[in-house]
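Letter by letter, the chains look like this.
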Amino acid sequence: MSLYDDAVSVLEGYDGRDAQQAGLRLTYLEHLTGHSDGMWKACGAGHLTASALVVDPERGRVLLTLHRKLRMWLQMGGHCEPQDTTLAAAALREAAEESGIAGLSLLPGGPVRLDRHPIPAPCNWHLDVQYAATASAGAVEQISDESLDLRWFPYDEVAGVADASVVRLLESTRARLAHGL
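Residues numbered from 1 in each chain as written. Predicted model: local features only at pLDDT ≥ 70, side-chain atom pairs only at ≥ 80, totals over all residues. Heavy atoms only, no water.

**Remarks on the side chain of arginine 113**
Looking at where arginine 113 falls in the secondary structure, it is placed in strand E6 (residues 113-118). No salt bridge forms around the buried arginine 113; measuring N to O, its nearest opposite-charge neighbour aspartate 18 is 4.6 Å away. Not counting residues within four places of it along the chain, the set of residues in contact with arginine 113 comprises Tyr14, Gln20, Gln21, Asp128, Val129, Gln130, Arg168, Leu169 and Ser172. (Helix = DSSP H or I, 4+ residues; strand = E, 2+ residues; numbered from the N terminus. Buried < 20%, exposed > 50% of the residue type's maximum accessible area, 1.4 Å probe, protein only. Lys, Arg positive; Asp, Glu negative; His and termini not counted. Salt bridge = Lys/Arg side-chain N within 4 Å of Asp/Glu carboxyl O. Contact = heavy atoms within 4.5 Å.)

**Digging into the environment of aspartate 163**
Tracing the chain through its elements places aspartate 163 in the loop between helix H4 (158-161) and helix H5 (164-179). Here aspartate 163 falls in the partly exposed class, since its relative accessible area comes to 28%. C-alpha separation for the pair aspartate 163 and tryptophan 40, spaced 123 residues apart in sequence, amounts to 25 Å. Here the side chain of aspartate 163 touches serine 165 through a polar contact of 2.7 Å, side chain to side chain. (Polar contact = N/O pair within 3.5 Å; in protein donor to acceptor, adjacent residues only side chain to side chain.)

**Re the packing of helix H1 (residues 3-13) against helix H2 (residues 19-34)**
Relative placement of two packed helices is described by the angle separating their axes and the distance separating the axes. Direction vectors running N to C along H1 and H2 enclose 155 degrees, while the axes themselves pass 10 Å from each other. Here H2 runs roughly antiparallel to H1, going by the angle between their axes. With respect to the hand of their crossing, H1 and H2 are arranged in left-handed fashion. For the pair H1 and H2, contact is made by Tyr4, Ala7, Val8, Leu11 and Glu12 and by Arg25, Tyr28, Leu29, Leu32 and Thr33, respectively. (Axes fitted to C-alpha atoms, helices over the stretch in contact; angles between N-to-C directions. Parallel < 35°, antiparallel > 145°, perpendicular 65-115°, else oblique. Left-handed = near helix turned anticlockwise from the far one by under 90°.)

**Things to note about the confidence of the model for the protein chain**
The pLDDT averaged across the protein chain works out to 93; a share of 99% of its residues lies at or above 70. The element-level mean pLDDT for the protein chain is lowest in E6, coming to 92, with H4 highest at 98. (pLDDT = per-residue confidence, 0-100.)

**Some details on the pairing of strand E7 (residues 125-134)**
Counting buried residues along E7, 9 of its 10 residues qualify, which places the element largely inside the surrounding structure. As paired elements, strand E1 (residues 47-56) and E7 share 9 bridges and run parallel to each other. From the neighbouring strand, histidine 47 faces E7, where its bridge partner is histidine 126. Inspection of the sheet shows strand E5 (residues 105-106) paired to E7 by 2 bridges, in the antiparallel sense. In the strand pairing of E7, leucine 106 is matched with alanine 133. Bridge count between E6 and E7: 6 bridges; the pairing is antiparallel. Residue pairing for E7: arginine 113 is matched across the bridge by glutamine 130. (Pairing = 2+ DSSP bridges.)

Below is the structure:
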């Protein structure tokens with residue numbers, strides 16, 4: 001199965017639990033139907049990306065990166081690469097690369113949220129498929145070249161440093177953790 005086929009399968013099975021997420025799911029599927037290159041950065045109409053929010057549920061904290069270009073606190077994530085076989089693998093790879101933490105584990109149940117946001121031309125849109133990953137006890141982060149900083153924040157401090165999309169991702173992640181989904 002190709003990465004494109006995996007993305008279609010993941011999105012077809014995604015249950016966003018609200019009308020906004022259901023609408024985004026359809027937007028993503030329509031994008032892929034209309035753009036066979038919709039997984040790749042080169043797609044001028046926009047492209048799917050994969051990200052993962054790294055959490056430490058035992059300590060009630062989340063690891064965010066101060067993105068070098070955007071200068072915003074965000075979850076780890078980015079573009080799919082030719083070696084990625086699944087969206088989940090792309091999200092996990094990005095999280096490991098940007099956090100420096102080996103042995104991250106994605107929460108079961110597939111993506112936690114979808115988030116579509118504008119980016120500068122020529123690409124125009126990121127259609128982000130957002131996962132959540134847990135770090136093992138004692139995991140040590142290491143800043144990457146893509147970040148200005150890397151820091152653990154208590155859950156209740158995230159809204160003060162990150163934008164609404166990261167806050168929504170954290171809320172959905174915490175709900176999934178609480179329900180064991």
